[in-house]
Amino acid sequence: MRKLQAGEALFPGIIGYDETVIPQLVNAILSRHNFILLGLRGQAKSRILRALVDLLDEQIPVVPGCEIHDDPLAPLCSACRARVAREGDAMPIAWLPREARYVEKLATPDVTIADMVGDIDPIKAAQAGLNLSDELTMHYGLLPRANRGIFAINELPDLAGKIQVGLFNILQEGDVQIKGYPIRLKLDVMLVFTANPEDYTARGKIITPLKDRIGSEIRTHYPATRHNAMASTRQEAWTERADGLRVEIPDYVREVVEEVAFQARADRKIDKRSGVSQRLPITTLELVVSNAERRALSNGEPLVVPRVTDLAAALPSITGKFELEYEGELRGAEQVARDLIRAAVGAVFTGMFEGQDTRTVVEWFDLGGSLPLSDVSSAEEVVTQSRGVQGLLALAERAGLAPGAPAPVVASAIDFVLEGLYAQKKISRSEERGYSATEPQPRRTTRREEPTLDEGFQVPGGKKKYYN
Ligand SMILES: [Zn+2]
């Protein structure tokens, strides 16, 4: 409430949720609801839950040594009650920092009641001469240890039904049966969950009474705009490299990296239900920078400027981030990833170069020109080779080159133009020849060695050569 009044950011570092998820979250918290975040992977669900800690008081007073962080003024466990009665106002108190008031558990099928709620410790009972049903014989699980704090369960539907019943009983009735012995615990815990919407609604593996106790159901989502996505990746990706190397990532490289994820989420060859995590662009950008770093180091360049071609080196971070549908399986993960990259480059390039005349450059290739370049070519090499291509540098400047930009920056812009034209299928690219003309159209002579041929005349041999 204080943060709201002061206009502070409630969830710093959570990007793109200001008008969707965060208002719903705030309302749930103000309503004192237990809540569940429903969303696909990589939508910052766990991160939001962990950020809840910052909304707690910096520290709270507790009975020293109590495993369930009893309030000195209202202790729950009988040991603490006895102690307070015995020592009264002389009893010392301890302070519990807010970080210690957050407990998180990934739900897996092997989680037991003992893990979650606790177990009866017969040895403890025997040593103290206690009855097994006495709460002093209890070995506390995660939930009691989260008393006066936040208990987060990730992937709630994966939690066995009987554990869900145990959770519910503790929260609703303050008691639970362990191995037939009734245990009473009036806990004060905020419960928060995450789940995949498919598991949650379709499989229906959340027991009704527990579902009923979840006050708010909040849907998360992937970044709505490329701009938000870029901001999120910029924050998460490790792109500042070692001393002595300066990294400069052109905006169009960031956009293409982001667009790969957008393309993937819309691609029917990729499984929609498992989603495409925001970790895809994050790890992709890291590999793109690393490939550029590798090139800069081996070419002795102090400035690291990633190029769009470096995305090919990021396949290892892309192929593992999505599940394929049958059609995608047929094509293969690597080919699907290459298609995504090409589509992403095409989308960003088309957006940026809409209305620009690329004919001069394309014609140079159509007339038989080729540029043997690769992702290890030094910046100088790229710039030097490109000087021979009429119009190419001028076009590259449209990618936002500042006057007098250093060679690696210029090389990256040239690379973007070449990859863009390749993505638009205006020029082709191969391992042997680098960039060259696309397959020529019929009735058009495009090769230097056949300049005397009539436009309408087709050589049978030539035809075969062209079209196979
Ligand atoms: Zn206690």
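All values derive from a computational prediction rather than experimental measurement.

What counts and how
- Residues numbered from 1 in each chain as written.
- Predicted model: local features only at pLDDT ≥ 70, side-chain atom pairs only at ≥ 80, totals over all residues.
- Heavy atoms only, no water.
- Helix = DSSP H or I, 4+ residues; strand = E, 2+ residues; numbered from the N terminus.
- Buried < 20%, exposed > 50% of the residue type's maximum accessible area, 1.4 Å probe, protein only.
- Areas by Shrake-Rupley, 256 points an atom, 1.4 Å probe, with all protein chains shown as cover.
- Donors = N, O, S within 2.8 Å, 3.2 Å for Na, K, Ca; no water.
- Tetrahedral: all angles 85-135°; square planar, octahedral: opposite > 155°, others 65-115°.
- pLDDT = per-residue confidence, 0-100.
- Contact = heavy atoms within 4.5 Å.
- Phe/Tyr/Trp six-rings, centres within 6.5 Å; stacked < 30°, edge-to-face > 60°.
- Lys NZ or Arg CZ within 6 Å of the ring centre and 35° of its normal.
- Axes fitted to C-alpha atoms, helices over the stretch in contact; angles between N-to-C directions.
- Parallel < 35°, antiparallel > 145°, perpendicular 65-115°, else oblique.
- Salt bridge = Lys/Arg side-chain N within 4 Å of Asp/Glu carboxyl O.
- 1 Å grid on protein atoms, 1.4 Å probe; cavity = no way out; pocket = protein on both sides within 12 Å on 5 of 7 lines; lining within 4 Å.
- Points joined across faces, edges and corners; volume = space filled by probe spheres on them.
- Nonpolar A, V, L, I, M, F, W, Y, C, P; charged D, E, K, R; others polar.
- Left-handed = near helix turned anticlockwise from the far one by under 90°.

## Digging into the overall build of the chain
Within the chain, the secondary structure is distributed over 21 helices and 15 strands. Over its C-alpha atoms, taken along the principal directions, the chain stretches across nearly 110 × 45 × 40 Å. Counting all 468 residues of the chain, 47% fall into the buried class. Counting every atom, the chain has about 23,400 Å² of accessible surface; 50% of that belongs to carbon and sulfur.

## A short note on the coordination of the zinc ion
Bound to the zinc ion on the protein side are Cys66 (SG), Asp70 (OD), Cys77 (SG) and Cys80 (SG), at distances that span 2.1 to 2.2 Å. For the zinc ion, the four donor atoms in the first shell make angles of 98 to 135° at the metal, so the coordination geometry reads as irregular. Mapping the donors of the zinc ion onto the primary sequence yields the spacing C-x3-D-x6-C-x2-C.

## Focus: the confidence of the model for the chain
Here the chain averages 86 in pLDDT, while 91% of its residues score no lower than 70. Here residues 443–468 is a poorly scored stretch, pLDDT under 50, and it has 27 contacts once near neighbours within four places are set aside; other chains count.

## Observations concerning the packing of aromatic side chains
Tallying each qualifying case throughout the model produces five aromatic pairs. Between the aromatic rings of Tyr252 and Phe416, the centroid separation amounts to 4.4 Å while the plane-to-plane angle is 0°, which identifies the pairing as stacked. Of this pair, Tyr252 sits in helix H12 (residues 251–266) while Phe416 sits in helix H20 (residues 407–423), placing them 164 residues apart in sequence. Judged on exposure class, the residue Tyr252 and its partner Phe416 are both buried. Assessed through its relative accessible area of 0%, Phe416 is described here as buried. Three or more aromatic residues joined by ring pairs make a cluster, and in this case those are Tyr252, Phe349, Phe353 and Phe416. Sitting above the plane of the Phe262 ring, Arg265 keeps its charged end 5.7 Å from the centroid.

## A few points about the packing of helix H16 (residues 333–353) against H20
Close contact between H16 and H20 brings their axes to 8 Å; oriented N to C, the two are set at 110°. Classified by the interaxial angle, the pair formed by H16 and H20 is roughly perpendicular. Contacts between H16 and H20 involve Arg342, Val345, Gly346, Val348, Phe349, Met352 and Phe353 from the former and Phe416, Val417, Glu419, Gly420, Leu421, Tyr422 and Ala423 from the latter.

## What to know about the pattern of salt bridges
Inspection of every chain in the model, using the stated rule, returns 21 salt bridges. Close ionic contact of Asp251 with Arg234 constitutes a salt bridge, the shortest N to O distance being 4.0 Å. With a gap of 17 residues between them, Asp251 in helix H12 and Arg234 in helix H11 (residues 226–236) connect regions that are remote in the sequence. With a relative accessible area of 46%, Asp251 lands in the partly exposed category. Taking the shortest distance from any N to any O, the salt bridge between Arg331 and Asp339 comes out at 2.4 Å. Residue class for Asp339 comes out partly exposed when judged on its relative accessible area of 24%. One connected set of salt bridges, linked through shared partners, spans Arg83, Arg86 and Glu87.

## Considerations on empty space enclosed by the protein
In this structure the tally under the stated criterion is three cavities of 30 Å³ or more. Taken as a whole, the second largest cavity spans an internal volume of roughly 50 Å³. Taken together, the elements giving at least two residues each to the lining of the second largest cavity come down to helix H13 (279–298) and strand E13 (303–304). The greatest single-element share of the lining of the second largest cavity, amounting to three residues, is contributed by H13. When the residues that make up the lining of the second largest cavity are grouped by side-chain class, the tally is seven nonpolar, no polar and three charged.

## A closer look at the packing of H12 against H13
Here H12 crosses H13 at 140°, and the two axes come no closer than 9 Å. Taken as axis vectors, H12 and H13 run oblique relative to one another. Regarding H12 and H13, the two cross each other, and that crossing is right-handed. The residues of H13 that touch H12, namely those facing Val253, Arg254, Val257, Glu258, Val260 and Ala261, are Leu280, Pro281, Thr284, Leu285 and Val288. Tallied by class, the residues present in the contact of H12 with H13 amount to eight nonpolar, one polar and two charged.

## Let's talk about the environment of Gln43
Looking at where Gln43 falls in the secondary structure, it is placed in the loop between strand E1 (34–38) and helix H3 (45–51). When its relative accessible area of 5% is taken as the criterion, Gln43 is described as buried.

## Here we look at the layout of surface pockets
Considering only enclosed or pocket space, the largest pocket measures out at about 1,200 Å³ in volume. For the largest pocket, the lining is made up of 30 residues, of which Ile29, Leu55, Leu56, Asp57 and Met190 are closest to its centre. Among the residues forming the lining of the largest pocket, the class breakdown is 16 nonpolar, three polar and eleven charged.

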